[in-house]
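# Structure assessment
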Amino acid sequence: MSNKVEVKELLEAGVHFGHMTRKWDPNMAPYIYMERNGIHIINLYKTAAKIEEANDALKKIAASGRKILFVATKKQAKDIVADKAKAANMPYITERWPGGMLTNFVTIRKAVKKMATIDKMKKDGTFMTLSKKERLQVDRLRAKLEKNLGSIADMSRLPAALFVVDIKAEHIAIKEAQKLNIPVFAMVDTNSDPREVDYVIPANDDASKSIDKILSLVTASIIDGLANRTSDKETDATEVVAETEAPAAEVAAVEAAPAPATEE
């Protein structure tokens, strides 16, 4: 199991503040504790339980060596998600969601490879053979690709899961994941339909403190999963070496043993 999530910490981060009651989605009713001053208050005990459930699943995905794609294009979440995803060595999208990012992944990969081609041109000197105007156009293309796709440059295949902040804002990403049966983990506020995602984390998805707290807990589990993967690899390598050395030691022992006596 992942480390226990403290309700007090969630409370201090303002994770419990939902939207105004008139904007609520009735399907979020099981996760709402009460109404206060026209605002729904999220049940943080349920949030804590859901975070732990999501963390266990994310930890297993990370330990298996597969990628989790983080998606957050809203202003207050972009920088937080980029920092946390980088720390966990996971891909992320914080600019506009590229249509077909998942459903037309081959085309997206071609665009990513274009960046590598331009970088190669600059290294081998081909770039300098272009005219000044062409160099300017290539530089602009490289900058645009870097801004939109640079954060997924190492994602050579479809992700094993998506982690989304604000499912209303990222509905296109969620629709693509659903088409491909890619599980979706998400922070879901009281104005959204939790049935859209596989792993619901009921939480305030607007306040930066709330987003930071949830992302910190989630990425800590992913980092644990990656650490487990590394230690498992090291253990396997040690066992292979031991297995290789054992027969060699046995051969050496046989060779060193005195020859058996023979009858005259």
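The structure this text deals with has already been given above.
Residues numbered from 1 in each chain as written. Predicted model: local features only at pLDDT ≥ 70, side-chain atom pairs only at ≥ 80, totals over all residues. Heavy atoms only, no water.

## Details of the overall build of the chain
The number of helices and strands found in the chain is seven helices and eight strands. Burial analysis of the chain (264 residues in total) assigns 42% to the buried set. If you take every contact in the chain between residues at least 6 apart in sequence, the share linking residues at least 24 apart comes to 64%. Carbon and sulfur atoms make up 53% of the accessible area of the chain, which amounts to about 15,100 Å² in all. (Helix = DSSP H or I, 4+ residues; strand = E, 2+ residues; numbered from the N terminus. Buried < 20%, exposed > 50% of the residue type's maximum accessible area, 1.4 Å probe, protein only. Contact = heavy atoms within 4.5 Å. Areas by Shrake-Rupley, 256 points an atom, 1.4 Å probe, with all protein chains shown as cover.)

## Some remarks on the packing of helix 4 (residues 105-124) against helix 5 (residues 132-149)
Relative to each other, helix 4 and helix 5 sit at 135°, their axes nearing to 10 Å. The pairing of helix 4 with helix 5 is recorded here as oblique in orientation. Considering how the two elements wind past one another, helix 4 and helix 5 form a crossing that is left-handed. Where helix 4 approaches helix 5, its residues Ile-108, Ala-111, Val-112, Lys-114, Met-115, Ile-118, Asp-119 and Lys-122 are matched on the opposing element by Val-138, Asp-139, Leu-141, Arg-142, Leu-145, Glu-146 and Leu-149. Here the contact of helix 4 with helix 5 is built from residues that sort into nine nonpolar, no polar and six charged. (Axes fitted to C-alpha atoms, helices over the stretch in contact; angles between N-to-C directions. Parallel < 35°, antiparallel > 145°, perpendicular 65-115°, else oblique. Left-handed = near helix turned anticlockwise from the far one by under 90°. Nonpolar A, V, L, I, M, F, W, Y, C, P; charged D, E, K, R; others polar.)

## A closer look at the pattern of salt bridges
In the structure shown here, the tally under the stated rule is 12 salt bridges. The residue Glu-9 makes a salt bridge to Lys-213 at a minimum N-O spacing of 3.2 Å. Remark: Lys-213 occurs in helix 7 (residues 208-256) and Glu-9 occurs in helix 1 (residues 7-12); sequence separation between them is 204 residues. Across the pair Asp-119 and Arg-142 runs a salt bridge whose closest N-O atoms are separated by 2.9 Å. Pair noted here: Asp-119 is in helix 4 and Arg-142 is in helix 5, with a separation of 23 residues, a long-range link. Salt bridges linked by common partners bring Lys-74, Asp-166, Asp-205 and Asp-206 together as one network. (Salt bridge = Lys/Arg side-chain N within 4 Å of Asp/Glu carboxyl O.)

## Examining the nonpolar core
Ranked by internal contacts, the top residues of the largest apolar core, which has 37 residues, are Phe-70, Phe-163 and Ile-214. Among the secondary structure elements, those contributing two or more residues to this core are helix 2 (44-63), strand 4 (68-71), helix 3 (75-87), strand 6 (161-165), strand 7 (184-188) and helix 7. Every residue in contact with Phe-70, bar those within four places of it in the chain, is listed here: Val-81, Ala-85, Met-90, Pro-91, Tyr-92, Ile-93, Phe-163, Leu-215, Val-218, Thr-219 and Ile-222. Val-112, Ala-173, Ile-182 and Val-200 belong to the second-largest nonpolar core, a separate cluster that totals 29 residues. (Core = buried A, V, L, I, M, F, W, Y, C linked by side-chain atoms within 4.5 Å.)

## Here we look at the sheet that holds strand 4
The five strands lie next to each other as 5-4-6-7-8, forming an open sheet whose pairing is parallel. Here the strands that pair on one side only, and so sit at the sheet edges, are strand 5 (92-93) and strand 8 (199-202). Here strand 4 runs beside strand 5; their pairing, made up of two bridges, is parallel. From the neighbouring strand, Val-71 faces strand 5, where its bridge partner is Ile-93. Set on the sheet, helix 2 makes contact with strand 4, strand 6, strand 7 and strand 8; between it and strand 8 the angle comes to about 140°. (Pairing = 2+ DSSP bridges.)

## A closer look at the environment of Met-20
Mapped onto the elements of the fold, Met-20 is located in strand 1 (residues 17-20). Since its relative accessible area comes to 35%, Met-20 is described here as partly exposed. Sequence separation between Met-20 and Ile-41 is 21 residues, and the spatial gap between their C-alpha atoms is 9.5 Å. Beyond its immediate sequence surroundings of up to four residues, Met-20 is in contact with Gly-38 and Ile-39.

## Some remarks on the packing of aromatic side chains
Throughout the structure, instances matching the rule amount to two aromatic pairs. Measuring from centroid to centroid gives 5.4 Å for Phe-70 and Phe-163, while their planes differ by 35°, and the two rings are tilted. Remark: Phe-163 occurs in strand 6 and Phe-70 occurs in strand 4; sequence separation between them is 93 residues. Of the two residues, Phe-70 and Phe-163, neither departs from the other in class, the shared state being buried. Their ring planes at 5° and their centres at 4.2 Å tell us that Phe-185 and Tyr-199 sit as a pair that is stacked. Placement of Phe-185 in strand 7 and of Tyr-199 in strand 8 is noted, with a sequence separation of 14 residues between them. Take Phe-185: its relative accessible area is 1%, and that puts it in the buried class. Tyr-199 sits in the partly exposed class, given a relative accessible area of 26%. The ring of Phe-127 carries the charged tip of Lys-122 above its face, separated from the ring centre by 5.0 Å. (Phe/Tyr/Trp six-rings, centres within 6.5 Å; stacked < 30°, edge-to-face > 60°. Lys NZ or Arg CZ within 6 Å of the ring centre and 35° of its normal.)

## Examining helix 3
Taken together, the buried positions of helix 3 are Ala-77, Ile-80, Val-81, Ala-82 and Ala-85. Following helix 3 by one or two positions, Asn-89 has its phi on the positive side, about 60°.

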